[in-house]
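These are the residues of each chain, in order.
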There are 2 protein chains.
Amino acid sequence: MGRWEPNARGRLGRAALELYVERGFDQTTVADIAERAGLTKRTFFRHYVDKRDVLFAGAVPLREAVVRAVAEAPAGLSAVGAVTLGLEAAAEMIQERPEDVRLRQTVIDAHLELQERELVKLATLAGEIAAALRGRGFDACRARLIAETGMAVFRVAFARWIANSAQGLLTQVVKESMAELAAIFAED
Amino acid sequence: MGRWEPNARGRLGRAALELYVERGFDQTTVADIAERAGLTKRTFFRHYVDKRDVLFAGAVPLREAVVRAVAEAPAGLSAVGAVTLGLEAAAEMIQERPEDVRLRQTVIDAHLELQERELVKLATLAGEIAAALRGRGFDACRARLIAETGMAVFRVAFARWIANSAQGLLTQVVKESMAELAAIFAED
């Protein structure tokens, strides 16, 4: 007990996602997850606060990557350009583990409370992108408009990617969706 | 008891909003609301399911107005044009009672669970706008992209209007915000 387990976090995460899909989130216990992963409850709690944390712990590094990409975008890049770089940074992290992401989305889609939490997370991310744009000198009103629009495009791109069995590159779908929106406004 | 009370629904709604702001949503009871409005609890329950319903009952007619405006937009109008008409229909309803709307937003901003519910409501509305666009013959992918973008613009416009003490016409702020986003993409 307490010894180092190779990739314990990843194994616990995958075991949890599989069980949430098979039995439902509410019907799964931390003991079930540890057992499925061949680990102990104690090891689980070294990696996650609770069973919900398995689904949302990824939000923090994702947010940091997005905000960093927006802040560090080349000087002189437009606000839309900087936001697109930020969203591509998020997409890059997400597409690294497509199967986990697909399972996670199945769990969330089946559970209203988890959907609510996910929506709050996305709204928070939009607020942080807006702050990063203000840091680049854009005024607050414009920053918010572009950040919220960017998040709308991202949500749509993500849904398209998931609907296509999370195949191909999400970064590409994000770029295409942003270009499609630009074309829609150009035609309008 | 049971007799007809002039504008009971409006009086109860306003009393509830005032109390939610003064005491907090959780600290307010239906009895408090009825007392403040000079009505009975029984009258309250003839108009609202519970104290949360005071905040969210408006969503149904709003949604109906938006969907109807999108569906009945002039034939040949672009998807962005149809969505803009839908959002203007929502704005028209909202700007009729600016003080209630401002109080309501103060209550929601102070309460995480109410924010979650509000985000779900807005996400549902985006889905219904997308469905209305599909009904106009737009493909599902494009419909969702434009509906989500429209909702992003609407949220930003609403926040701007509220930040400006809910003065002026929200319909105008919606139109301007949509035009601003189009201009941003045109410059990009």
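Residues numbered from 1 in each chain as written. Chains lettered and ligands numbered in written order. Predicted model: local features only at pLDDT ≥ 70, side-chain atom pairs only at ≥ 80, totals over all residues. Heavy atoms only, no water.

**Here's the deal with unusual backbone geometry**
Residues and elements named next belong to chain A.
Next, step 1: If you check the backbone angles, Asn7 has positive phi at about 50° while not being a glycine.
Next, step 2: With respect to the helices, strands and loops of the structure, Asn7 is situated in the segment before helix 1 (8–23).
Next, step 3: Taking relative accessible area as the criterion, Asn7 reaches 52% and is therefore assigned exposed. (Helix = DSSP H or I, 4+ residues; strand = E, 2+ residues; numbered from the N terminus. Buried < 20%, exposed > 50% of the residue type's maximum accessible area, 1.4 Å probe, protein only.)

**Section: the environment of Ala90(A)**
All names here are of chain A.
Next, step 1: Relative to the elements of secondary structure, Ala90 occurs in helix 6 (residues 79–95).
Next, step 2: Residue classification places Ala90 among the buried positions, given a relative accessible area of 1%.
Next, step 3: Between the alpha carbons of Ala90 and Thr40 there is a distance of 32 Å; along the sequence they are 50 residues apart.
Next, step 4: Look past the residues within four positions of Ala90 in its chain and what remains in contact with it is Leu62, Val66 and Phe154. (Contact = heavy atoms within 4.5 Å.)

**Some remarks on helix 1 (residues 8–23) of chain B**
Residue and element names in this part refer to chain B.
Next, step 1: Helix length check: helix 1, at 16 residues, gives a terminal C-alpha distance of 22 Å against a target of 22 Å (1.5 Å per residue), a fit within 8%.
Next, step 2: What helix 1 keeps buried is the set Ala8, Leu12, Gly13, Ala15, Ala16, Leu17, Leu19 and Tyr20.
Next, step 3: Against helix 2 (30–37), helix 3 (41–47), helix 4 (53–56) and helix 7 (98–109) lie the buried residues of helix 1.
Next, step 4: In the stretch just after helix 1, Gly24 is the one whose phi turns positive, near 100°. (Expected span 1.5 Å × (residues − 1).)

**Details of the packing of helix 8 (residues 112–135) of chain B against helix 9 (residues 140–163) of chain B**
Residues and elements named next belong to chain B.
Next, step 1: Look at helix 8 against helix 9: their axes get within 8 Å of each other, and the N-to-C directions meet at 135°. When the axis of helix 8 is compared with that of helix 9, the two are oblique. Judged by the twist between their axes, the crossing of helix 8 over helix 9 is right-handed. Only Ala140, Ala143, Arg144, Ile146, Ala147, Glu148, Met151 and Arg155 of helix 9 make contact with helix 8, whose side of the interface consists of Leu122, Leu125, Ala126, Ile129, Ala130, Leu133 and Arg134. (Axes fitted to C-alpha atoms, helices over the stretch in contact; angles between N-to-C directions. Parallel < 35°, antiparallel > 145°, perpendicular 65-115°, else oblique. Left-handed = near helix turned anticlockwise from the far one by under 90°.)

**Section: the interface of chain A and chain B**
Next, step 1: Facing the 30 residues of chain A at the interface are 30 residues of chain B.
Next, step 2: Approximately 2,900 Å² of surface area, both sides summed, lies buried where chain A meets chain B, with 69% of it carried by carbon and sulfur atoms.
Next, step 3: Summed over the three residues of chain A that lose the most area to chain B, namely Arg142(A), Leu145(A) and Phe185(A), the buried surface amounts to 23% of that side.
Next, step 4: If you look at where chain A meets chain B, you find six salt bridges.
Next, step 5: Ionic pairing is found between Arg155(A) and Glu148(B), a salt bridge with its closest N-O pair at 2.7 Å.
Next, step 6: Between chain A and chain B we count six residue pairs in polar contact (both at pLDDT 80 or more) in total.
Next, step 7: Within the residue set of the side of chain A that touches chain B, elements represented by two or more residues are helix 6, helix 8 (112–135), helix 9 (140–163) and helix 10 (170–187) of chain A.
Next, step 8: It is helix 9 of chain A that provides the largest number of residues to the side of chain A that touches chain B, a total of 13 residues.
Next, step 9: A per-class count over the side of chain A that touches chain B returns 17 nonpolar, four polar and nine charged. (Buried area = accessible area lost by both parts, 1.4 Å probe. Salt bridge = Lys/Arg side-chain N within 4 Å of Asp/Glu carboxyl O. Polar contact = N/O pair within 3.5 Å; in protein donor to acceptor, adjacent residues only side chain to side chain. Nonpolar A, V, L, I, M, F, W, Y, C, P; charged D, E, K, R; others polar.)

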